[in-house]
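Chain by chain, the residues run as shown.
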Amino acid sequence: MDTPAASGPAPHSLAFARERDAWVCWLLDGHPATAAILARLGWFPTKNKALRRLNRLTRKRRVRLVGTVSRKPGRPEHVFCRWGPKPDQLLHEVWLTEVCLRLDAGQILRGPHATDRHLRPDAEVWINGQPYYLELDRGTMGYAQIERRFWLYRECPHPVLWVCSTGERLEGMRRRAEGLRRTALFTTLAEVLASPHAAVWRDFAGGRVALPREAKAQPE
């Protein structure tokens, strides 16, 4: 589907507002988001207008205010969703939303919608029919915990995308990923936010790999 800004009723009309509300609810079904994220998508002209609409949808009980996060100096940001992320994971979930919304994928599943209940990846990303498991590491776990997480993935046949907090953290994780040498790809949060489909992904040997984009359907 097109975004509400790309097609449909004229902006500022009631029909446009209803269509945009439906899009917001659809997005928040899977992705905890802030007003700034919706403004960056172009769905609202400013962050303040996005926040006013999110608050209105909250009062109507169409979305939920699930907490606040501080990503930079200044006032904390309210986070909205239609499911209940764990409060202590809310900052992680918001950064994960930023990553997911930059990927050109056919489908992204996360939270209660993710299908693999054993591995429990942060998200499942489907590109051209190929599943990728996405893991966001913010550097809060020790390497012993990371190695246990790697152990869970040792029999996974699908590529696993590890987004790391820093380049140093990336190298530390990559060196410990011997058991995932055929499936693990690593990058940093800064790189994936800047250009997720460029050759910013490193394999176990240190080679660089580009992530494919979802092929667009050709008109008949």
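Residues numbered from 1 in each chain as written. Predicted model: local features only at pLDDT ≥ 70, side-chain atom pairs only at ≥ 80, totals over all residues. Heavy atoms only, no water.

1. Section: the overall build of the protein chain
- Regarding its fold elements, the protein chain presents 7 helices and 9 strands.
- Against the compact-globule benchmark of 17 Å for 220 residues, the protein chain has a radius of gyration of 18 Å, which places it among compact chains.
- A principal-axis box enclosing the C-alpha atoms of the protein chain has dimensions of 55 × 50 × 30 Å.
- The buried share of the protein chain, taken over its 220 residues, is 43%.
- Considering only intrachain contacts with a sequence separation of at least 6, the fraction spanning at least 24 residues in the protein chain is 51%.
- Accessible area of the protein chain: about 12100 Å², with a carbon and sulfur share of 51%. (Helix = DSSP H or I, 4+ residues; strand = E, 2+ residues; numbered from the N terminus. Rg over C-alpha atoms; globule rule 2.2 N^0.38 Å. Buried < 20%, exposed > 50% of the residue type's maximum accessible area, 1.4 Å probe, protein only. Contact = heavy atoms within 4.5 Å. Areas by Shrake-Rupley, 256 points an atom, 1.4 Å probe, with all protein chains shown as cover.)

2. Remarks on the pattern of salt bridges
- Applying the stated criterion across every chain yields a total of 14 salt bridges.
- A salt bridge links Arg71 to Glu77; the nearest nitrogen and oxygen atoms lie 2.9 Å apart.
- Judged by relative accessible area, Arg71 falls into the partly exposed class, the value being 22%.
- Residue class for Glu77 comes out buried when judged on its relative accessible area of 14%.
- One connected set of salt bridges, linked through shared partners, spans Arg40, Arg71, Glu77, Glu98 and Arg102. (Salt bridge = Lys/Arg side-chain N within 4 Å of Asp/Glu carboxyl O.)

3. Quick notes on unusual backbone geometry
- One non-glycine residue, Arg61, adopts positive backbone phi at about 65°.
- Looking at the element boundaries, Arg61 is found in the loop between α3 (47-59) and β1 (64-69).
- The class for Arg61 is exposed, based on a relative accessible area of 79%.
- We note that Arg120 has phi near 50°; this positive angle belongs to a residue other than glycine.
- Locating Arg120 in the fold gives a position in the loop between β3 (107-110) and β4 (123-127).
- Overall, the relative accessible area of 55% leaves Arg120 in the exposed class.

4. Some remarks on helix α4 (residues 90-100)
- With 9 of 11 residues buried, α4 is to be regarded as a mostly interior element.
- Every buried residue of α4 is accounted for by Leu90, His92, Glu93, Val94, Leu96, Thr97, Glu98, Val99 and Cys100.

5. Re the nonpolar core
- Counting 23 residues, the largest nonpolar core has Val24, Leu28, Leu38, Trp43 and Leu54 as the members making the most contacts within it.
- Broken down by secondary-structure element, the contributors of at least two residues to this core are α1 (14-30), α2 (35-40), α3, β1, β2 (77-81) and α4.
- The biggest single contributor to this core is α1, with 5 residues.
- Setting aside anything within four residues of it in sequence, one finds Leu28 in contact with Ala33, Leu54, Val63, Phe80, Cys81, Arg82 and Trp83.
- The next biggest cluster of nonpolar side chains, apart from the first, holds 18 residues, and it includes Cys100, Ala123, Leu136 and Leu161. (Core = buried A, V, L, I, M, F, W, Y, C linked by side-chain atoms within 4.5 Å.)

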